[in-house]
Amino acid sequence: MLEARKAVRDLQAYRPPLAGRQGLRMDFNESTVGCSPRVLARLRALDAEALARYPEREPVEQVVAEFLGLDAAQVVLTNGVDEGIHLLCATYLEPGDEAIIVVPTFAMYAIFAGAEGAKVIEVPAEEDFRFPLDGVISRIGERTRVIAVANPNNPTGAAVARDALLKVAQAAPQAAVLVDEAYFEFHGESVLDCVGALPNLFVARTFSKAYGLAGLRIGILAGESKQMAMVRRVASPYNVNAAALAVLPEALRDREYVDHYAAEVQRNRELLQRALNEVGLHYWPSRANFVLARVGPNHGEFVQAFRRRGILVRDRSHDPGCAGCVRLTVGSDEHTRTLIEALREVVAEMGSRCEVQA
Ligand SMILES: Cc1ncc(COP(=O)(O)O)c(C=O)c1O
C-alpha cells in the first residue's frame, strides 16, 4: 500500500479557517482595503498572450532587487513567504537535523521543517512574548540547520531587537537563519541591510499584507548570492504566476499607496490598543497590523459575537502561551472604527464572561 513518508504522516494537518469568510475580514491580517488602483488597472490590462506564456521571473527579480538595494542574485521571488520557508527547509534540512523556532509563532515553519524530517525545537517566548535570546542560543547545536523568527511575530505582534537577530545568525553559522519580515511595513525595522554580509542570514518579505495582494501569492526571499543559487535549484522556474509578476513593478512604484496604508494602520493600532485598555482587556503592544488580546475562557463566544456583527476575528487560544486569546487585525480608519464599536458592544454584552481588568 502506498504510504506517505513518516515525516509527513507525523505532521498535524493545518487548516486555517478559510471557509465562509463573509464580512469584515479582521482575522487573517490581510489588508482591509486591497491593493492600489494602479495595480488593479495593470491586472485588468492583462491579455490572453500574457497568460499563454510561461512566466519569466528574472526581470522582475531585477526590479525587486533594485527596490531593496540588493543584487538580483540575492533575491528569489516566491509564491508567498510560505514558499520561501518551504524552499529554505528543502535546501538546508536533512532528516534528523534540527530547526529552532520561538513559540507561539507562524505555523508554517514547523510544518515545512517537519516535512523534511527535521526535529523542530520549540523555544517558548519569555514573559509578555519577549524574544528568548539566551534560550535560542542555548539550543543551537551541531545539527541546527534552520532557525526561523518572525519579526514582528505572529500572533503576538512582538518585535525582536535587530541586535538579537544578528547575534543568533552569528551564533549559528551552520544554520540558515530566516528573519520573516512579513509585517515589515507596519514596523519599519529590518535586517535586510545585513544580507550578504552575514552569509547565513535570509530575509523574507510578502506582498500579502500591506500591499493587499494575498490572493496573488507573491513574496521575496533574500540572502547571500551563493546560498540563493542553492535555494534556486529547488524552486520551480515558474513558481510565481504571470499575473503577480506583471503587477509587482507597479505595486513597488506606487509606494505612496502602501506608505499611506501602513501609516493609517499604525495610527489605528494605537486606537485599538487604547480601546482595549478602556474596555479592560489585556493586550500585548503590537508592531504589526494586528493586536493579540486576552478574553479568557469564553474566547469562542467573543469570536461568535463579532461574527454576528459581520466581523471576523481570529481565535488564537490554541497557540502556546495564548490560552483565552483572540487576534484582531487592524485596518483602514473606517474598518477599525467598526471593529472598535463592535469591541465595546461585545465586551458590554458579555460582561463578566470576558476577563476584564479593573
Ligand atoms: C509571519 C508570517 N509569515 C508569512 C506569512 C504568509 O505570507 P504569504 O502570504 O506571503 O505566504 C504570514 C501570514 O499570515 C505570517 O504571519
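These lines cover the structure that appears in this document, whether it is placed above or below. (Residues numbered from 1 in each chain as written. Predicted model: local features only at pLDDT ≥ 70, side-chain atom pairs only at ≥ 80, totals over all residues. Heavy atoms only, no water.)

### A word on helix α6 (residues 108-115)
Applicable threshold: When accessible area is computed with a 1.4 Å probe and restricted to protein chains, residues below 20% of their type maximum are described as buried, those above 50% as exposed, and intermediate ones as partly exposed. Only runs of H or I of at least four residues qualify as helices and only runs of E of at least two qualify as strands under DSSP, and these elements are numbered from the N terminus.
Judged by how many residues are buried, α6 sits mostly within the fold: seven of eight residues are covered. Considered for burial, the residues of α6 that qualify are Met108, Tyr109, Ile111, Phe112, Ala113, Gly114 and Ala115. Once α6 ends, the next one or two residues include Gly117, with phi positive near 85°.

### Quick word on the site of the ligand
Note the cut-off: Proximity criterion: a residue is near a molecule or strand once any of its heavy atoms comes within 4 Å of it. Polar contact is defined as a pair of N or O atoms within 3.5 Å, subject to the rule that within protein one atom must be able to donate a hydrogen and the other to accept it, and that residues adjacent in sequence are counted only when both atoms are side-chain atoms. Each accessible area is a Shrake-Rupley estimate made with a 1.4 Å probe; only the visible protein chains count as cover when residues are assessed.
Around the ligand, the surrounding shell holds 14 residues, and the nearest of these are Val81, Asp180, Tyr183, Thr206 and Ser208. The separation between an oxygen atom of the ligand and a polar side-chain atom of Lys209 is 2.8 Å. Against a free-state accessible area of 400 Å², the protein chains account for coverage of 92% of the ligand.

### As for the sheet that holds strand β2 (residues 75-78)
For clarity, the threshold we go by: One requirement defines pairing of two strands: DSSP has to find at least two bridges between them. To obtain each axis, a line is fitted to C-alpha atoms, and for helices this fit is confined to the stretch in contact; angles are then taken between N-to-C directions over 0 to 180 degrees.
An order of β2-β8-β7-β6-β5-β3-β4 is seen for the seven strands of this open sheet, with the pairing classed as mixed. With one partner strand each, in any of the chains shown, β2 and β4 (119-124) form the two edges of the open sheet. Direction aside, neighbouring strands of the sheet carry axes that sit 20° apart on average.

### Some words on the sheet that holds strand β11 (residues 311-315)
Put simply, the rule is: Throughout, a residue-residue contact means that at least one pair of heavy atoms, one from each residue, lies within 4.5 Å.
A sheet is described by the order of its strands in space; here five strands give the open sequence β1-β11-β12-β10-β9, paired in mixed fashion. Each having just a single partner strand, β1 (24-26) and β9 (282-284) make up the two edges of the open sheet. Here the strands of the sheet are splayed against their neighbours by 30° on average, with no regard to which way each runs. Sheet topology places strand β10 (residues 290-294) next to strand β12 (residues 325-329); five bridges connect them, and they run antiparallel. Within β12, the residue paired with Ala293 across the bridge is Val326. Of the strands in this sheet, β1, β11 and β12 touch helix α14 (residues 333-350), which is tilted by about 80° from β1.

### Describing the nonpolar core
The following threshold applies: What makes a nonpolar core is a set of buried Ala, Val, Leu, Ile, Met, Phe, Trp, Tyr and Cys residues whose side-chain atoms join them at distances within 4.5 Å.
Core analysis: the biggest nonpolar cluster contains 88 residues, and Ile147, Phe302 and Leu343 have the highest contact counts within it. Residue contributions to this core peak at eight residues, all from helix α12 (residues 255-279). Once residues lying within four places of it in the same chain are set aside, the contact partners of Leu343 are Leu272, Ala275, Leu276, Val279, Leu281, Phe302 and Phe306. Ile85, Leu93, Val103 and Ala150 belong to the second-largest nonpolar core, a separate cluster that totals 28 residues.

### Observations concerning the pattern of salt bridges
Side chains that differ in sign of charge can pair as their charged atoms come close. Our working rule: Salt bridges, as used here, are contacts in which a Lys or Arg side-chain nitrogen is within 4 Å of a carboxyl oxygen on Asp or Glu.
Per the counting criterion, the structure on display carries 25 salt bridges. Across the salt bridge formed by Asp333 and Arg267, the nearest N and O atoms sit 3.7 Å from each other. Of the two residues, Asp333 is situated in helix α14 and Arg267 in helix α12; the sequence distance between them amounts to 66 residues. Residue Asp333 is classed as partly exposed on the basis of its relative accessible area, which comes to 29%.

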